[in-house]
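Structure at a glance
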Amino acid sequence: MKALKSLNKYFLRYKWRLILGFFIVIAARVFAVANVNFIGKIVDVVRSYLKGDITQDLLKSGLLKYLLFLLGATALSGLFTFLMRQMIIVVSRFIEADLKDDVYAQYQRLSLGFYKKNRTGDLMNRISEDVSKVRMYVGPAIMYLLNAIVLFATVIPYMYVTAPSLTLYTLIPLPVLSLAIYKLSREIHKRSTIVQEYLSKLTTFTQESFSGIAVIKSYTMEGQVYGNFAQLSEDSKGKNLDLVKVQAFFFPLMVGLIGASNLLVVFIGGKQYLDGTITELGTLVEFIMFVNMLTWPVATVGWVTSIIKAAEASQIRINEFLDVQPEIQNHIEVATPIQGDITFKDVTFTYDDTNITALKNVSFEVKNGQTLAIIGRTGSGKSTILELIGRLYDVTSGKIMVDGTTITQVNLNSLRSSIGYVPQDAFLFSDSIKENIKFGATEATDEEVTAFAKAASVHHNIIDFKNGYDTVLGERGITLSGGQKQRVSIARALIGNPKIMLLDDSLSAVDTETEEEILTNLAKIAAHTTTIIVSHRISSAKNADHIIILDEGRITQQGTHNQLVAQDGYYKELYKKQMDEKES
Ligand SMILES: Nc1ncnc2c1ncn2[C@@H]1O[C@H](COP(=O)(O)OP(=O)(O)OP(=O)(O)O)[C@@H](O)[C@H]1O
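Model, not experiment: these values are computed from the prediction.

Thresholds applied
- Residues numbered from 1 in each chain as written.
- Predicted model: local features only at pLDDT ≥ 70, side-chain atom pairs only at ≥ 80, totals over all residues.
- Heavy atoms only, no water.
- Domains from an automatic or database assignment.
- Contact = heavy atoms within 4.5 Å.
- Buried area = accessible area lost by both parts, 1.4 Å probe.
- Salt bridge = Lys/Arg side-chain N within 4 Å of Asp/Glu carboxyl O.
- Polar contact = N/O pair within 3.5 Å; in protein donor to acceptor, adjacent residues only side chain to side chain.
- Nonpolar A, V, L, I, M, F, W, Y, C, P; charged D, E, K, R; others polar.
- Helix = DSSP H or I, 4+ residues; strand = E, 2+ residues; numbered from the N terminus.
- Buried < 20%, exposed > 50% of the residue type's maximum accessible area, 1.4 Å probe, protein only.
- Core = buried A, V, L, I, M, F, W, Y, C linked by side-chain atoms within 4.5 Å.
- UniProt positions renumbered as here; feature names shortened; annotations may be inferred.
- Phe/Tyr/Trp six-rings, centres within 6.5 Å; stacked < 30°, edge-to-face > 60°.
- Near = heavy atom within 4 Å.
- pLDDT = per-residue confidence, 0-100.

1. A word on the domain arrangement of the protein chain
When the parts of a complex come together, some accessible area is lost, and that lost area is often used as the size of the interface. Structurally, the protein chain comprises domain 1 (1-163) and domain 2 (342-581). Each of domain 1 and domain 2 has a C-alpha centre, and the two are 58 Å apart. Listed per partner, the contact involves five residues of domain 1 and five residues of domain 2. Taking both sides of the interface into account, the surface hidden between domain 1 and domain 2 amounts to around 370 Å²; carbon and sulfur atoms contribute 59%. When the area that domain 1 buries against domain 2 is broken down by residue, the three leading residues are Leu112, Lys116 and Lys117, summing to 85%. On the surface where domain 1 and domain 2 come into contact, there are zero salt bridges. Connecting domain 1 to domain 2 are zero residue pairs in polar contact (both at pLDDT 80 or more). Within the side of domain 1 that touches domain 2, the residues separate by chemical class into one nonpolar, two polar and two charged.

2. Considerations on the pattern of salt bridges
Within this structure, the stated rule accounts for 17 salt bridges. Across the pair Asp130 and Arg317 runs a salt bridge whose closest N-O atoms are separated by 2.8 Å. In this pair, Asp130 is assigned in helix H5 (residues 120-162) and Arg317 in helix H10 (residues 281-322), connecting sequence segments 187 residues apart. A relative accessible area of 32% places Arg317 in the partly exposed class. Residues Glu187 and Lys190 are paired through a salt bridge, measuring 3.7 Å at the closest nitrogen-oxygen approach. Here the residue Glu187 and the residue Lys190 both occupy positions in helix H7 (residues 173-211), the gap between them amounting to three residues, near one helical turn. In this structure, a network of salt bridges that share partners links the residues Glu187, Lys190 and Arg191.

3. Observations regarding the nonpolar core
Counting 39 residues, the largest nonpolar core has Leu7, Phe11, Ile95, Leu99, Tyr107, Tyr137 and Val138 as the members making the most contacts within it. Going through the elements one at a time, helix H1 (8-13), helix H2 (15-50), helix H3 (56-109), H5 and H10 are the ones with two or more residues in this core. It is H5 that provides the largest number of residues to this core, a total of 11 residues. With near-sequence residues (within four places) excluded, Leu99 lies in contact with Leu7, Tyr10, Val131, Val134, Gln315 and Ile318.

4. Remarks on the UniProt feature "transmembrane region" (unreviewed entry) in the protein chain
Within this numbering scheme, the UniProt entry marks residues 20-43, 63-83, 141-160, 166-184, 248-268 and 288-308 as carrying the feature "transmembrane region" (unreviewed entry). The annotated region residues 141-160 carries 100% helix and 0% strand content, and the separation between its end C-alpha atoms amounts to 27 Å. Secondary structure content for residues 248-268 is 100% helix and 0% strand, and the end C-alpha separation is 31 Å.

5. Side note on the packing of aromatic side chains
Inspection of every chain in the model, using the stated rule, returns 20 aromatic pairs. Considering the side-chain rings of Phe11 and Tyr137, the 6.4 Å spacing of their centres and the 75 degrees angle between planes classify their relative orientation as edge-to-face. Taken together, the residues span a long stretch of sequence, with Phe11 in helix H1 and Tyr137 in helix H5 at a distance of 126 residues. The pair Phe11 / Tyr137 is uniform in exposure class, with both members buried. Residues Tyr14 and Phe94 carry aromatic rings whose centres are separated by 5.3 Å and whose planes lie at 35 degrees to one another, so their mutual orientation is tilted. Placement of Tyr14 in the loop between H1 and H2 and of Phe94 in helix H3 is noted, with a sequence separation of 80 residues between them. By way of ring pairs, the aromatic residues Tyr107, Phe114, Tyr115 and Phe321 are connected into one cluster.

6. What to know about the site of the ligand
Around the ligand lies a shell of 17 residues, among which Thr378, Lys382, Ser383, Thr384 and Gln424 are the nearest. Side-chain polar atom of Thr378 to an oxygen atom of the ligand: 2.6 Å apart, as the coordinates give it. With respect to the ligand, the side chain of Gln424 contributes an N or O atom lying 2.6 Å from an oxygen atom. Per-element tally for the shell around the ligand: the top contributor is helix H11 (residues 382-389), with three residues. Taken together, the residues of the shell around the ligand sort by class into four nonpolar, nine polar and four charged.

7. Observations concerning the confidence of the model for the protein chain
Taken over all residues, the pLDDT of the protein chain has a mean of 87, while the share at 70 or more is 99%. The lowest-confidence element of the protein chain is helix H4 (residues 112-117), averaging 79 in pLDDT; the highest-confidence one is strand S1 (residues 342-350), averaging 94.

Laid out in structure tokens, this is it:
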């Protein structure tokens, strides 16, 4: 129960509704008990008339009175039951939404490393599955438990006062029912968790095969993939059947145990009526109704216990993420204006999860407005340099300085908002091209969108689409080519007017003429922007003010294009190779 304590702050937020809900539950149950009492009274009036104790007129007036009471109590009990759900279930939906918002906000605060360590499916489950299990506790479980407590507190004393020994006999089967339902609910919960797992396996499988449909078709793997799906589906069916089997016990068990209680009422109550222990026949009718009325709340005690256990397990999982502190912390509250000078001093960086040391004693400097190109084999640490500049990670040792200040002493938001980052795989949202370009600059005008799309040499492609800038991308929209995606992504980075532009192999999918065009435009627009270009191509690097060559995380060569082609080394080899390719 300790984990569930973290929900108290949400309960406090909606305390008035909950308190009102509590009184409404009491009112609803009191009127429900009154209903039974009036039915008992009606039976007694009829019985007295049949015995000749009262006249027909008294019978009529008695019946009318109790029927009207019955009607009133039924209507009020119905109204309060409705209000009870309105209060408590509505609060549970509020808390569910708040909890989802809080989990989502926490996810956004967490650093990139967190996303590398945890699987997306797991992150999604905590915000959907786990939160809805917690909601079952916050809403239905609390409501039914309250309902049961109020009902026990009103019905059992009433029964006891009316017929003490009969009360004891009729209540005997109820704890057995509660325990049996608890055991059954636990089993149902266990099996439905397995069913859920299979459901998500099926979803992942289908999603992946639809995404990879082109590969499946071109390798004519339809048959095999179908076979895998059919097997998974068969296993899932088996798990569903296992679940259905235990679920099928639920109602028979309840009906059986109610039946046993009813039998006891009729048998023992009948005997007590005959020997005069119970004087009114109406008491027997009331008892049968009470037993039926108590059955569901008794069953809910078992059911609610299993819901609370499941909610606790889910809340533990949610808290695990809510308690994680972002690895990257902002230490400076006030905004820091950024000019764009970047200095690396002996920077070494090791990725926590793989223990790979991606950078080893890297030192360089780029001044505001200059262009630095980083060239190197795959896996040599180029992207890592860009990630460190954006503080997606913090260095293991050494120092990065921005405008002469250690990067950790710069306001994180100022730093990131002054960077235009074009990652290696340009990610575009399922939205229009215009909205994708405006992503980081929502206030930008249509003219600005067009101007930056022109600078990124993608305008002419966009206007060729039927809907131009309003063309929707993504699953239900158009698919852009790799080069088009890269260029839309460059336009997105430029529109934010960044002080630092980071291009991570962002021109790899465009031809060399377009590359040239974009780089010339960049040099014009971004004259006061520090630009770092990561590339495998000499053509992207040759005009840079400074070029560094990385190999296995170390800088092996550096200088200008002319200096580097004059030295033996990786740059010269690459230059020769790419010149030969161009000529052939
Ligand atoms: N998020 C990560 N977690 C763990 N290890 C990583 C991560 N990202 C990169 N690495 C490792 O760090 C090393 C440097 O990777 P990096 O992506 O910086 O290389 P790169 O030079 O940009 O390569 P490429 O040219 O292929 O993009 C590689 O060995 C890589 O496997």
